[in-house]
Amino acid sequence: MQAKLHRWAVADPDRRFDDLFNFVYDPATLIVAFGRVATNHGANTPGVDGLTAAYVEEVVGVPGFLDDLRAAVKDGSFRPLPVRERLIPRPGGSGKFRKLGIPCIADRVVQAALKLVLEPIFEAGFEPVSYGFRPRRRPHDAIAEIHHFGTLGYRWVLDADVEAAFDNLSHSFAMSRVRARVKDKRVLALVKAFLKAGVLTELGEHRERHTGTPQGGILSPLIFNIALTALDEHVMAPWKPGGQMSTPGKRFYRRSKGQPTWRIVRYADDFVILVHGSREDTEALREDVARVLATMGLRLSPAKTQVVHMSDGFGFLGFRIRWKCKRGTSKWYVYTFIDDRPVRSLKAKIRALTHKTSQQDLAYVLTRLGQIMRGWAMYFRHAVAKHTFSKLDDFTFWRLARMLKTRHDWNWGQLRRHLTTPSGKWRIAADGAEFFRIESVTVSRYAYRGNKIPSPWPPANPA
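Every chain is numbered on its own, with residues counted from 1 as its sequence reads. Only residues with pLDDT of at least 70 are given local features in this predicted model, and only at 80 or more are side-chain atom pairs given and counted; all residues enter the totals for whole chains, interfaces and linings. For the side-chain quantities, the full set of heavy atoms in the structure was used; hydrogens and water were omitted.

Chemist: In this structure, what is going on with the sheet that holds strand β2 (residues 97–102)? I would like to understand it.
Modeler: Strands in a sheet are paired, the pairing made by backbone hydrogen bonds, and the direction either parallel or antiparallel. In this scheme, strands are said to pair when DSSP sees at least two bridges between them. Starting at the N terminus, helices and strands are each numbered in turn, a helix being any DSSP run of H or I of at least four residues and a strand any DSSP run of E of at least two. Sheet architecture is open: 4 strands sit in the order β2-β1-β4-β5, paired in mixed fashion. Edge positions in the open sheet fall to β2 and β5 (206–207), since each of these has one partner strand only. Alignment of strand β1 (residues 83–89) against β2, held across 6 bridges, turns out to be antiparallel. In the strand pairing of β2, Ile-88 is matched with Arg-98.

Chemist: What am I meant to see in a positive patch on the surface here?
Modeler: Patches draw on residues past 30% relative accessible area with no salt bridge. Two like charges within 9 Å are joined, as are two nonpolar side chains (Val, Leu, Ile, Met, Phe, Trp, Tyr) within 5 Å. With residues, only the protein chains shown are counted as cover, and all accessible areas are computed by Shrake-Rupley using a 1.4 Å probe. By salt bridge we mean one thing: a side-chain nitrogen of Lys or Arg within 4 Å of a carboxyl oxygen of Asp or Glu. His residues and chain termini do not enter the charge count, which takes Lys and Arg as positive and Asp and Glu as negative. Charged groups are reduced to one reference atom each: NZ for lysine, CZ for arginine, CG for aspartic acid, CD for glutamic acid. Taken together, the side chains of Arg-16, Arg-179, Lys-183, Lys-192 and Lys-196 make up a positively charged region of the molecular surface. Here Lys-183 shows up in the loop between α9 (171–179) and α10 (185–196).

Chemist: Mind showing me how you'd approach unusual backbone geometry here?
Modeler: For Ala-268, which is not a glycine, the phi torsion comes out positive at approximately 60°. Here Ala-268 shows up in the loop between β6 (261–267) and β7 (270–276). Only protein chains enter the area calculation, which uses a 1.4 Å probe; residues under 20% of their type maximum are buried, those over 50% are exposed, and those in between are partly exposed. Note on Ala-268: relative accessible area 3%, which makes it buried. At Asp-431, a residue that is not glycine, the phi angle is positive and equals roughly 50°. Within the secondary structure, Asp-431 is located in the loop between β12 (429–430) and β13 (433–434).

Chemist: Which parts of the structure should I look at to understand the pairing of strand β10 (residues 319–325)?
Modeler: Regular strands place side chains that alternate from one sheet face to the opposite one. Taken together, the 3 bridges between strand β9 (residues 314–316) and β10 define a ladder with antiparallel strand orientation. Bridged to Phe-314 within β10 is Ile-321. The hairpin turn running from β9 into β10, its antiparallel successor, is 2 residues long, and Leu-317 in that turn takes a positive phi close to 55°. Bridging between β10 and strand β11 (residues 332–338) involves 7 bridges; their strand directions are antiparallel. Bridged to Arg-320 within β11 is Phe-337. With antiparallel pairing between neighbouring strands as the criterion, β10 and β11 make up a hairpin whose turn holds 6 residues, including Gly-328 at a positive phi of roughly 85°.

Chemist: Even after reading the chapter, I still don't get the packing of aromatic side chains, so can you show me in this structure?
Modeler: Ring pairs (aromatic) are described by centroid distance and by the angle formed between their planes. Within 6.5 Å between ring centres, the rings of Phe, Tyr and Trp (the latter by its six-membered ring) count as paired, and their orientation is classed by plane angle as stacked under 30 degrees, edge-to-face over 60, tilted in between. Under the criterion given, the structure shown has 20 aromatic pairs. Taking 6.1 Å as the distance between ring centres and 55° as the angle between the ring planes, the aromatic pair formed by Phe-78 and Phe-194 counts as tilted. With Phe-78 in the loop between α5 (62–75) and β1 and Phe-194 in helix α10, this pair connects stretches of sequence that are 116 residues apart. Each member of the pair, Phe-78 together with Phe-194, is buried. With a centroid separation of 5.9 Å and an interplanar angle of 25°, the aromatic rings of Tyr-335 and Phe-337 are classed as stacked. Taking relative accessible area as the criterion, Phe-337 reaches 24% and is therefore assigned partly exposed. Through a chain of ring-to-ring contacts, the aromatic side chains of Phe-319, Trp-376, Tyr-379, Phe-380 and Phe-389 assemble into a single cluster.

Chemist: What is the right way to read the pattern of salt bridges from this model?
Modeler: Note that side chains of opposite charge can pair when their charged atoms are close. In this structure the tally under the stated criterion is 14 salt bridges. One salt bridge in this structure joins Arg-299 and Glu-163, with 2.6 Å as the shortest N-O distance. Taken together, the residues span a long stretch of sequence, with Arg-299 in the loop between α13 (279–294) and β8 (306–309) and Glu-163 in the loop between β3 (156–161) and α8 (165–168) at a distance of 136 residues. Residue class for Arg-299 comes out partly exposed when judged on its relative accessible area of 45%. The class for Glu-163 is partly exposed, based on a relative accessible area of 29%. In this structure, the salt-bridge partner of Arg-427 is Glu-434, at a minimum N-O distance of 3.3 Å. Residue classification places Arg-427 among the partly exposed residues on the basis of a relative accessible area of 41%.

Chemist: I keep staring at helix α15 (residues 362–380) and nothing clicks. Help me out?
Modeler: Because an α-helix packs 3.6 residues into every turn, residues spaced three or four apart end up facing the same way. Its 19 residues give α15 an end-to-end C-alpha distance of 27 Å, which sits within 8% of 27 Å, the value for a rise of 1.5 Å per residue. Listed in full, the buried residues belonging to α15 are Leu-362, Ala-363, Val-365, Leu-366, Leu-369, Gly-370, Ile-372, Met-373, Trp-376, Ala-377 and Phe-380. Pairs of residues are marked as contacts when any of their non-hydrogen atoms sit within 4.5 Å. Turning to α15, the residues buried within the fold contact β10, β11, α14 (340–353), α16 (386–408), β12 and β13. For α15, the side-chain oxygen to backbone nitrogen distance between the N-cap and Ala-363 is 3.3 Å, and the N-cap itself is Asp-361. A helix is expected to span 1.5 Å multiplied by its residue count minus one. N or O atoms closer than or at 3.5 Å make up a polar contact, with two conditions inside protein: a donor-capable atom paired with an acceptor-capable one, and, for residues adjacent in sequence, both atoms drawn from side chains.

Printed below as a string of C-alpha cells:
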C-alpha cells in the first residue's frame, strides 16, 4: 500500500489523493500501527486515560481493542483526547524545560495509522536538504552535507533558531499544506482533530490549543515537516532544474559575477543556511527567511539566531563545526568536533550514577554506564572525538574508583590491589558486567551520501 501511494505521488506531483480513509481504519494498518506504538520507547507512559500498551496487551486484549477503535474511526465517533503535558529538562543543564505532549494509547495508534498512509505521499515531495524524522535519514547525513559544502567554499552560516517552533506553528498553514496533496475530507478532519486536541497540564488544568503540534505525538514530526517544507522549497527554488543555481556551472558563473549561492540544511526545526558569498548576503537571507517563517506563525529568535563565519565555528545537532588550519601545516579544512553541551550532559549522567556515597549495586551501575556511554559514543564517533573519548574514559574510571574507595573504606593501595589484574592493568567488573571503555570505540568519518539516500519505497521496476 505504501509503495503504491509513494509511486503515484512521485509520478504526479500535483495529484490530490482521495479515498484514503479506508486505508487508515484497515485492520492491517491498525495492527502495524499498534505494533509500532507497543515497541516505542514511551509505550508504557500513559496518557490522560491512564492506559498503557502493556495494559492493553495483557488486560484488554489487542484484537478487541483494535476492533473497537476501528469501529469508532469508521463511523466517525472517534475523538482524540487531550494530551498529557510533561515538562522535560532541556539537555546541557541550562535549567530550561520543553513541553512534551503524551497522547493516550488509542490516539497514538490512530496517529500511527495516519502516518503510515500520509508519509509515503508527502515524502515524494520533500526536499533532499531535510533530514529530521524522515525514513532512512540520520543527523549524520545533515552534518556530512554541511561538511561537504563547507569544504566547497560555503563558509558564511546563518545559524537559525526558531522560537518554540512546535508550539507556535499555525494550524491553518499546516492544514493548507496537507490539503495540497490530500483531498479526502475524513482524513483531513482527523488530522485537524489531532491538531486541535487540548492539553491537560501537570496542574490538572485543561487548555485549548490554537497553534502548534505537541512534541511527543507520533504524527507531529510529519505535520511539522509538511509545513516547514515550504521553507525548504523557497530557499532551494534556484536549485531546481532551470534555476539560477541548478548546475555547478551556473553556480560558478554567479559567484564569478560577485553574486552569492546558498543551501539550507534542516533537521526538523533546527536549520542552517550555508552561503558562498559575504556576511551581507547572509544577513539578507536572514530577513528573507524571517518573512517566510512569519506566514507559518513562526519567528527567529533574535538572541539565538546568528550569522557566523565557519572559521569561528557553530553548533548543530550536538556537533561543533569549524573551518580551521590543520596543526603543523598551512592547509585549512572543515572539522567536526563534539560540542560542549552534550559532553556536559553526559558527565551529569555519569555523576548521578557514580556519587561517592552511592550504594547502588556495582553491576547495575556498570551496566547502566555502558548503555549510556555506548549509545553516546556511537552517535559522536564520526567527529574528531578520540581526545574527548579519552578524557571521558579517565573521568568515568576515577569516578568509579572514588565511589568504590569510599564504599569499602579502602586506601589508594588497597584500591589498586582490588582493581588491577595480575598483569598490572586496571579493571572494574562485577557479576559479568565490566566498565565500558569509551575510548575503545573506533572513530571514523561518516560517508556523505548526498542524493544517494535510498527510498524506503523503491519503484516497482527499478532501472
